[in-house]
Amino acid sequence: MKRLALLLLLATYPGLGSSATSLYVVKEDDTVTSILRSQGFGEAYAELLPFIEQIVALNPDSFRNGNANFILPGSTLTLPENPNTPQPEPEPPPDPEPFAEPEPEPEPVIQAIGQVRASAGRAEIVRGDETIEIGQRRELYANDVVFTGDRAAVEITLLDETRISMGPESEFAITEYAYTAPATPNDNALGMLVASIRNGAIRTITGLIGKLKSNRFEVTSSLSATIGIRGTDFTVRSCNQLEACGDLYGVAVAVQDGKISFGNQAAEIELNENEFAQVQSVSQPPAKAPLPDGFFDLQRKASEIEVARSWWEQSVDYLKSLF
C-alpha cells in the first residue's frame, strides 16, 4: 500500500523523486515563495504556484497542518527539479563609437497597486524617505506604510477590489502584491497579497484574490500572529501599549463574514462568522472568547472594549478553585 501511494504521488508531480532535486535548510524569516525565488525557480507568484504545491507534497512534516504559509524554521526541505537551466552568457556588445555617450537604461515602471483616501482626520504615507499627506485620493504602491492620526479614517481600494478600512492611530503596509485579472468571466483572478498591521485597527473585505484557494492572502501582525483569509470580511486589532489597550492587549481578530485561519508559532485555529479570538504573547496559542461589544467599530478605542474570559481561562480558574 505504501509503495502504491508513493507511485501515485510521483505520477501527480513528475518532478518529485528526480535526481535533480536539492536540499534547503529553512531560516527564520523564510517563506516558500522567498525560497523558490532565491533558488531561481522564478519571480511571479503564478509561475511559482506549481512548485509550492510540489514542496508541500515532498515535505509534509515541514509545514503545520500542511499549510504552505506556516513553514517550520530549521527543517530541511527537498526542493523539486528546477526547469530553469543556466543560459549561455550573451556575446558582449561591440565597443561604442569614440566619444559616443552610452544609451541610458530606461527607468523601471512601477505600477500602483491601488488607491488610498482619508475620509476624516490626518493621515500620511511614508514611501522610502518621503512623507506624503493623504488627501481625498492618492495612489498606493507596495511597501508604502500608511499612518493614521487621532480620530482619522482611511479607505484603501486595491486593483482586485479588496477594500481595507483603517481606524485612528494605526500603521499598515502591503509588503507583497501581485494581481492578474481574469481574461474571461469564467476565469479566476490570480495573485497574492501579504500585508502587515503593526498597530491600531483595520477592517478588510477581500476582493478577487481572496476568492481562489490557491492564491495567497494573509495579514501578519505583532507577536508573530498571521491571519490567512479565504473570501471574507474581518477586523484585526493590534495593541502593544499595556496602559492604552485594556483587555485588548496583543492581537485580536473577529470575523463578520466567511472564515479565516489565525495562528502563530504555538498553534493555529479557524474562525467563522461572529467568532473572536485573541493572542497576548508569542508563545501563547490563540484563544477564542465571546465577541466583545464594539469590536468592529474602528473609531472606538481598544481600552474601551471589554473582553470576556475564554472558556479555557474559566476552566483553569475553576480547577484552581478546587485546590
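Residues numbered from 1 in each chain as written. Predicted model: local features only at pLDDT ≥ 70, side-chain atom pairs only at ≥ 80, totals over all residues. Heavy atoms only, no water.

Draft legend 1. Molecular detail of the pairing of strand β13 (residues 226–239). Extensive coverage of β13 is indicated by the burial of 12 of its 14 residues. Sheet topology note: the strand β11 (residues 190–205)/β13 ladder contains 6 bridges and is antiparallel. Within β13, the residue paired with G200 across the bridge is S238. One ladder, built from 3 bridges, connects strand β12 (residues 216–221) with β13; its direction is antiparallel. Among the inter-strand pairings, V219 is bridged to a residue of β13, identified as I227. Hairpin remark: β12 followed by β13, antiparallel, with 4 residues in the connecting loop; positive phi at L223, about 65°. With 12 bridges connecting them, β13 and strand β14 (residues 250–263) associate as antiparallel partners. When the sheet's bridge partners are listed, D233 is paired in β14 with D257. (Buried < 20%, exposed > 50% of the residue type's maximum accessible area, 1.4 Å probe, protein only. Helix = DSSP H or I, 4+ residues; strand = E, 2+ residues; numbered from the N terminus. Pairing = 2+ DSSP bridges.)

Draft legend 2. Up close: the packing of aromatic side chains. Applying the stated criterion to the full structure yields 3 aromatic pairs. Ring centres 5.0 Å apart and planes at 65° place the aromatic pair F41 and F51 in the edge-to-face group. With F41 in the loop between α2 (32–38) and α3 (45–58) and F51 in helix α3, the pair connects residues that are 10 residues apart, well separated along the chain. You can call F41 buried: its relative accessible area is 3%. Judged by relative accessible area, F51 falls into the buried class, the value being 12%. Look at F276 and F295: their rings are 5.2 Å apart centre to centre, the planes differ by 80°, and that puts the pair in the edge-to-face class. (Phe/Tyr/Trp six-rings, centres within 6.5 Å; stacked < 30°, edge-to-face > 60°.)

Draft legend 3. The arrangement of α3 in detail. Along its 14 residues, α3 runs 19 Å from first to last C-alpha, staying within 8% of the 20 Å computed at 1.5 Å per residue. Where α3 is concerned, the buried positions are Y45, L48, L49, F51, I52, Q54, I55 and V56. Against the buried residues of α3 lie α2, β2 (76–79), β11 and β12. (Expected span 1.5 Å × (residues − 1). Contact = heavy atoms within 4.5 Å.)

Read these as geometric descriptors, not functional statements.
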